[in-house]
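Residue-level structure breakdown
Each chain, letter by letter, is given below.
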Amino acid sequence: DTAVSQTPKYLVTQMGNDKSIKCEQNLGHDTMYWYKQDSKKFLKIMFSYNNKELIINETVPNRFSPKSPDKAHLNLHINSLELGDSAVYFCASSSGSNPNEQFFGPGTRLTVL
Amino acid sequence: GNSVTQMEGPVTLSEEAFLTINCTYTATGYPSLFWYVQYPGEGLQLLLKATKADDKGSNKGFEATYRKETTSFHLEKGSVQVSDSAVYFCALATSGTYKYIFGTGTRLKVLA
């Protein structure tokens, strides 16, 4: 069984559209994260939720809005997509007893045309 | 602020060569240190970790020792294989935070 899964794996869309990426973890973790990996492979955290509450919110445009309906899910909604949003987005999770060990999903490659 | 510096890649080696990928860090407090590996087209996988000074993390023939005096966590492998070709990320996390700081990644290419 996949521990951290993301859908879709690939997403190609036009500038100005709104899109969502979904993430689910079946590890029983209570903390989830979104990371962005740019074309140079640089990884940067965007958001983190602990028990459905936002605990990390880096300098990210407010076009990006995370939503955590429950502890096992953290979705990322992006409004008015721009060319610069093209990247690979990774979801991750960790447990409260060991928050420093994170488990990553396979990534969603977003291409904005 | 906290930061991680990795050697620039790509690193190209022949099979069975010795590998070192340098990683140094700057952090307040006592961070935990990690190496993650990303194989082509896949997500990141934890390779090894160390949570305190002088700890040695090891996995799949890879090793790294947490050196507080030199603020380093260099990744080594005695004999690389073609299947080790991937991007390797060094990362730190300080106690009580939920945030990883990643290095820029080092691409390793191993030739048969």
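Further up the page is the structure itself.
A brief structural summary. (Residues numbered from 1 in each chain as written. Chains lettered and ligands numbered in written order. Predicted model: local features only at pLDDT ≥ 70, side-chain atom pairs only at ≥ 80, totals over all residues. Heavy atoms only, no water.)

**With respect to the overall build of chain A**
Cut-off, in case you're wondering: Labels follow the DSSP assignment, with helices taken as runs of H or I lasting at least four residues and strands as runs of E lasting at least two, numbered in each case from the N terminus. Each radius of gyration is computed over the set of C-alpha atoms, and the globule rule expresses the reference value as 2.2 Å times the number of residues to the power 0.38. Contacts were defined at the residue level, with two residues in contact if any of their heavy atoms lie within 4.5 Å.
The secondary structure content of chain A amounts to 0 helices and 11 strands. Put simply, chain A runs from its N terminus to its C terminus through helices and strands in the order β-β-β-β-β-β-β-β-β-β-β. Taking 2.2 N^0.38 as the reference for a compact globule, 113 residues should give roughly 13 Å; the C-alpha atoms of chain A span a radius of gyration of 13 Å, in line with that estimate. Residue pairs in contact within chain A that sit at least 24 positions apart in sequence constitute 53% of those at least 6 positions apart.

**Let's talk about the sheet that holds strand 8 (residues 73-78) of chain A**
Residues and elements named next belong to chain A. What counts here: Note on pairing: DSSP must find at least two bridges between two strands before they are called paired. For helices, the fitted axis covers only the stretch in contact; all axes are lines through C-alpha atoms, and the angles between them, taken along N-to-C directions, range from 0 to 180 degrees.
A sheet is described by the order of its strands in space; here 4 strands give the open sequence 1-3-8-7, paired in antiparallel fashion. Looking at strand neighbours, the two that pair on one side only are strand 1 (4-7) and strand 7 (64-70), the edges of this open sheet. This sheet shows a mean twist of 20° between the axes of neighbouring strands, independent of strand direction. Summarising the sheet, strand 7 and strand 8 pair through 5 bridges and their orientation is antiparallel.

**Description of the sheet that holds strand 8 (residues 62-65) of chain B**
Residue and element names in this part refer to chain B. Pairing in this open sheet of 4 strands is antiparallel, and the strands run 3-9-8-7 from one edge to the other. A strand with exactly one partner marks an edge of an open sheet, and here the two such strands are strand 3 (19-21) and strand 7 (56-59). Taken over all neighbouring pairs, the strand axes of this sheet differ in orientation by 15° on average, direction set aside. Looking at chain direction, strand 8 and strand 9 (residues 75-77) are connected through 3 bridges and run antiparallel. Looking across to strand 9, one finds that Phe62 is bridged to Lys77.

**A look at the pairing of strand 5 (residues 43-50) of chain A**
Residues and elements named next belong to chain A. What counts here: Any residue under 20% of the maximum accessible area for its type is buried, any over 50% is exposed, and the rest in between are partly exposed; the area is computed with a 1.4 Å probe on protein chains only.
For strand 5, the buried fraction is high: 7 of the 8 residues fall into the buried class. Of the strand pairs in this sheet, strand 4 (residues 31-37) and strand 5 are connected by 7 bridges, and their pairing is antiparallel. Counterpart to Lys36 in the pairing with strand 5 is Lys44. The turn linking strand 4 back onto strand 5 is made up of 5 residues, and Lys41 within it adopts a positive phi angle of 75°. Judged from the 4 bridges that link them, strand 5 and strand 6 (residues 53-57) form a sheet pairing that is antiparallel. Bridge pairing links Tyr49 to Leu54 in strand 6. The antiparallel hairpin formed by strand 5 and strand 6 contains 2 residues in its connecting segment, where Asn51 sits at a positive phi of about 50°.

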